[in-house]
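If you want the building blocks of each chain, they are given just below.
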Amino acid sequence: MKPETFLGLDLSTQSLTAVVIDSATGDLQQTSINFDQSYPSYGTTGGAIIGEDATIVCVDPKMWVEALDDILGILSRKGLTSRIAGIAVSGQQHGTVYLNAETQSCLQRLDPSRPMIDQIGGIFSRPASPIWMDSSTHLECQEITEALGGDAQVTEITGSIATERFPGPQIRKFWKNDPLSYKKTSHIALVSSFVTSLLIGKIAPLDCGDGFGTNLADVRTGRWSTEALEATAPDLSCRLPKLIRKDDLAGAISDYLVRRHAFNEDTQVVIGTGDNPSSLAGLGLLGVPATKAISLGTSDTYFGYLPELLRGERTEGHIFGTADGAYMLLLCFKNGSLAREAVKDRYGLTWNEFSDILLKTAPGNNGRVMLPYFMPEITPLVLSPQVYRFGGLEEGDAASNVRAVSEGQIMAMAHHSRVFGKKPDTILVTAGASENLGLLQVIADVFDAEARSFEVKDSAALGAAIRAAKWCLRKRGDSRSWRTLTDLFTSQRHSLVARPRKDAVRVYRDEGGLLDIYAACEGFGIGKGRNPDKDIARFREVFS
Ligand code: XUL
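What you see is a predicted model, and the numbers here were worked out from it, not measured in a lab. Here the residue index of a chain counts from 1 through its sequence in written order. Restriction of local features to residues with pLDDT of at least 70 applies here, the model being predicted, together with a cutoff of 80 or more for giving and counting side-chain atom pairs; totals for whole chains, interfaces and linings are based on all residues. The side-chain quantities take in all heavy atoms of the structure and omit both hydrogens and water.

Right, let's get into the overall build of the chain. Labels follow the DSSP assignment, with helices taken as runs of H or I lasting at least four residues and strands as runs of E lasting at least two, numbered in each case from the N terminus. Helices and strands together make up the secondary structure of the chain, namely 22 helices and 25 strands. For this measure, only C-alpha atoms enter the radius of gyration; the expected value for a globule follows 2.2 Å times N^0.38, where N is the number of residues. The C-alpha atoms of the chain give 23 Å as radius of gyration, which agrees with the globular expectation for 544 residues (24 Å, within 12%). In terms of its C-alpha atoms, the chain occupies a principal-axis envelope of roughly 70 × 50 × 45 Å. Classification of residues uses two cut-offs on accessible area relative to the type maximum, computed with a 1.4 Å probe and protein chains only: under 20% is buried, over 50% is exposed, and between them is partly exposed. Buried residues in the chain amount to 62% of all 544 residues. With the model as given, the accessible surface of the chain reaches about 20,300 Å², and the carbon-plus-sulfur share is 47%. Note on areas: Shrake-Rupley with a 1.4 Å probe; residue coverage comes only from the protein chains shown.

The 3 strands are arranged 4-5-8 in an open sheet whose pairing can be described as antiparallel. Among the strands making up the open sheet, the edge pair consists of strand 4 (49-50) and strand 8 (129-130). Sheet analysis places strand 4 next to strand 5 (residues 57-59), joined by 2 bridges and oriented antiparallel. Within strand 5, the residue paired with Ile49 across the bridge is Cys58. For two strands to pair, DSSP has to find at least two bridges joining them.

Pairing in this open sheet of 7 strands is mixed, and the strands run 19-20-18-17-23-24-25 from one edge to the other. Looking at strand neighbours, the two that pair on one side only are strand 19 (318-321) and strand 25 (497-498), the edges of this open sheet. Bridging between strand 23 (residues 426-430) and strand 24 (residues 450-453) involves 4 bridges; their strand directions are parallel. When the sheet's bridge partners are listed, Thr426 is paired in strand 24 with Glu450. Contact criterion: two residues are considered in contact whenever any of their non-hydrogen atoms come within 4.5 Å of each other. Between the N-to-C directions of two axes lies an angle of 0 to 180 degrees, each axis being a line fitted to C-alpha atoms and, for a helix, fitted only over the stretch in contact. Lying over the sheet, helix 13 (residues 275-282) contacts strand 18 (300-306), strand 19, strand 20 (327-333) and strand 23, oriented at roughly 60 degrees with respect to strand 18.

This part covers the site of the ligand. Proximity criterion: a residue is near a molecule or strand once any of its heavy atoms comes within 4 Å of it. If you check the shell around the ligand, you find Gln93, His94, Trp132, Arg165, Asp275, Asn276, Ser299, Thr301, Phe320, Leu330 and Cys332 and nothing else. His94 places a side-chain nitrogen or oxygen 2.7 Å from an oxygen atom of the ligand. Interatomic distance of 2.9 Å between a side-chain N/O atom of Ser299 and an oxygen atom of the ligand. In the complex, the protein chains occlude 97% of the 290 Å² of accessible area that the ligand would expose alone. For the shell around the ligand, the secondary-structure elements that each account for two or more residues are helix 13 and strand 20. Any pair of nitrogen or oxygen atoms within 3.5 Å is treated as a polar contact; in protein, a donor-acceptor pairing is required on top of that, and neighbouring residues in sequence qualify only through side-chain atoms on both sides.

Right, let's get into the side chain of Ser136. Topologically, Ser136 is positioned in the loop between strand 8 and helix 5 (138-148). The class of Ser136 is buried, set by a relative accessible area of 18%. Within polar-contact distance, the side chain of Ser136 engages the side chain of Lys173 at 2.6 Å. Among residues more than four places away in sequence, those in contact with Ser136 are Thr55, Ile56 and Lys173.

With that out of the way, let us pick up the pairing of strand 19. Alternating positions in strand 19 separate into two faces, His318 and Phe320 on one and Ile319 and Gly321 on the other, with burial throughout. With 4 bridges joining them, strand 19 and strand 20 adopt antiparallel strand pairing. Looking at strand 20, one finds that His318 is bridged to Leu330. Turn length for the strand 19-strand 20 hairpin, with the two strands adjacent in sequence and antiparallel, is 5 residues, and the turn residue Gly325 shows positive phi of about 85 degrees.

Moving on, we get to the pattern of salt bridges. Take a side-chain nitrogen of Lys or Arg and a carboxyl oxygen of Asp or Glu: if they are within 4 Å of each other, that pair is a salt bridge. Under the defined criterion, the tally for this structure stands at 23 salt bridges. Notably, a salt bridge pairs Asp22 with Arg83, separated by 3.8 Å at the nearest N-O pair. A residue pair is termed long-range when its members are at least 10 positions apart, and Asp22 in strand 2 (residues 15-22) and Arg83 in the loop between helix 2 (61-77) and strand 6 (84-91) qualify at 61 residues. A salt bridge links Lys176 to Glu140, with the nearest nitrogen and oxygen atoms 2.9 Å apart.

So, on to the packing of aromatic side chains. Note on aromatic contacts: the rings of Phe and Tyr and the six-membered ring of Trp form a pair at centre separations within 6.5 Å, being stacked when their planes are under 30 degrees apart, edge-to-face when over 60 apart, and tilted otherwise. Across all of its chains, the model carries 11 aromatic pairs by this definition. Ring centres 5.2 Å apart and planes at 65 degrees place the aromatic pair Trp351 and Phe354 in the edge-to-face group. Of this pair, Trp351 and Phe354 are both found in helix 15 (residues 351-360), 3 residues apart, which corresponds to roughly one turn of the helix.

Looking at where Asp247 falls in the secondary structure, it is placed in the loop between strand 13 (243-244) and strand 14 (249-252). Among the residues examined, Asp247 registers a relative accessible area of 7% and is labelled buried. There is a polar contact of 3.1 Å between the side chain of Asp247 and the side chain of Arg467. Sequence-distant contacts of Asp247, that is, excluding residues within four places in its chain, are made with Ile271, Ala323, Arg467, Trp471, Arg474 and Trp482.

It is worth spelling out helix 7 (residues 167-177) at this point. Within helix 7, 8 of the 11 residues are buried, leaving the element largely enclosed by the surrounding structure. Those residues of helix 7 not exposed but buried are Pro167, Gly168, Pro169, Gln170, Ile171, Arg172, Lys173 and Phe174. On its buried side, helix 7 packs onto strand 7 (96-99), strand 8, helix 5, helix 8 (179-183), strand 9 (187-190) and helix 11 (226-232).

With that settled, consider the packing of helix 21 (residues 514-525) against helix 22 (residues 533-543). The geometry of helix 21 relative to helix 22 is characterised by a closest axis approach of 10 Å and an angle of 170 degrees between their N-to-C directions. Classed by the angle they form, the pair helix 21 and helix 22 counts as roughly antiparallel. Two secondary-structure elements touch here, helix 21 through Leu514, Ile517 and Cys521 and helix 22 through Asp535, Ile536 and Phe539. Note on residue categories: nonpolar means Ala, Val, Leu, Ile, Met, Phe, Trp, Tyr, Cys or Pro, charged means Asp, Glu, Lys or Arg, and polar means any other residue, Gly included. Of the residues contributing to the contact of helix 21 with helix 22, the split by class is 5 nonpolar, no polar and 1 charged. Between 65 and 115 degrees an angle is taken as roughly perpendicular, under 35 as roughly parallel, over 145 as roughly antiparallel, and anywhere else as oblique.

The term nonpolar core refers to a set of buried residues drawn from Ala, Val, Leu, Ile, Met, Phe, Trp, Tyr and Cys, joined through side-chain atoms within 4.5 Å. Core analysis: the biggest nonpolar cluster contains 95 residues, and Leu7, Ile21, Trp64, Leu72 and Phe194 have the highest contact counts within it. It is helix 18 (residues 459-475) that contributes the most residues to this core, 10 residues altogether. Excluding residues that lie within four positions of it along the chain, Ile21 makes contacts with Glu4, Thr5, Phe6, Asp27, Leu28, Leu462, Ala465, Ile466, Ala469 and Phe489.

A separate point is the state of the cysteines. As used here, a disulfide is simply a covalent bond connecting the sulfur atoms of two cysteines. Our working definition of a disulfide is a cysteine sulfur pair at a distance within 2.5 Å. For the coordinates displayed, the defined rule picks out 0 disulfides. Free of any disulfide, Cys208 has its nearest neighbouring cysteine sulfur in Cys238, separated by 19 Å.

In structure tokens, the structure reads:
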């Protein structure tokens, strides 16, 4: 039978998910492996190892290798692999994998009768991969910024200010702290290109979706930036993968995987990308700038499509590339689901009870606001974790804390997303917490926009499968659009919708409303503003 299905693999923070789609029938099958549960010997919590110094967060990349071999084994035992025509990878962004000169030859000599992990232990020149949750490179960010001439210059070239979790500052720190291991490193991969390399049995290129989130590429040209590379570490260019502007072929699947997991030898592997650019494709938002997306996963992200680069100075938000060769803008909040979970668990609630509280309590929380920095935060930058409570928010009051953590998170998004300009009319909500109707209602009210949960929970894995499908189908002369492909896998499914409620919108968005109070609290919390108590008192007079 002609291979007709497409596989998307999403290696996210906590799990590896495989989505297999059939472009003829619209069928979709999904399987996941949770890292903490399946690989306890790697000692991860939530898929990561958080150091005593909470700014240091890493993973042993061998865990990802095991997970890949295992998930492909599951697909093979289900009889799915032989029909797969194309594969693409979505990876948690910014994580780096350090590989030595043996890598390529080792990947080509793998024996299909043995697990991958037993044969490739020797390719790593650094045992730990720093991941996106790491924020230990503040000093290196300052050094890079100074070398490039300031925040505005770094943003103009690389699309973001020098950012702690990005590969540039991470590589600089590695080179400074361990120059010998840096010397032994022949290839530096990102998570998406690393997993793609394992699929094709050779060093894979990197796409601009992930490549722009490095502080190393020039977003204006789509090439590695000589200035940024020089500001980062010596002889870096020969260690980085080839940078590719938009969807393209990475290579054919390796012989090892054909024989080990019964893939068809014609299976094509399309270039991988980061989980957020992949989600953008999966959500059907390529070419659709008016609708924005919120992903409520381990990290919360707010993102949208940009047909062209933003003009003017900016220090917030990150520019990444997209599968169609354009751009997206993204804000990332580290205290996402783990912060919500900390509050839920503190009061012994279920997710349904959490959602019910949000649906039953009053928007605005009578001026009680939380800044939920349970761990270091990315937006705004907070390196020492601390939970701030304002307006007399008592720690013992479960309902007020549930509302405060949710409003605090969503208002942070609304406040910082002003960098996008016009507010959206519709927001698609994806990832784990998108099933939570209470959170959807807070999003709708704070943004004054319809909030709609996305039908497929892992839009990043779906996006990867769609990227594989789009590339392979185009080669066969089938030019179905991104939107048509997404609709094929989503339009029959159920989705939750929350519409903005006029009175609630006023509480947040009128002058002196809770969004203004949030801005004052955040300014005070990060040491850049005055005490917000008087503003909160005025808010209560007007809105309570
Ligand atoms: C985005 C970011 C996270 C990771 C993990 O900049 O750091 O969203 O991609 O999902």
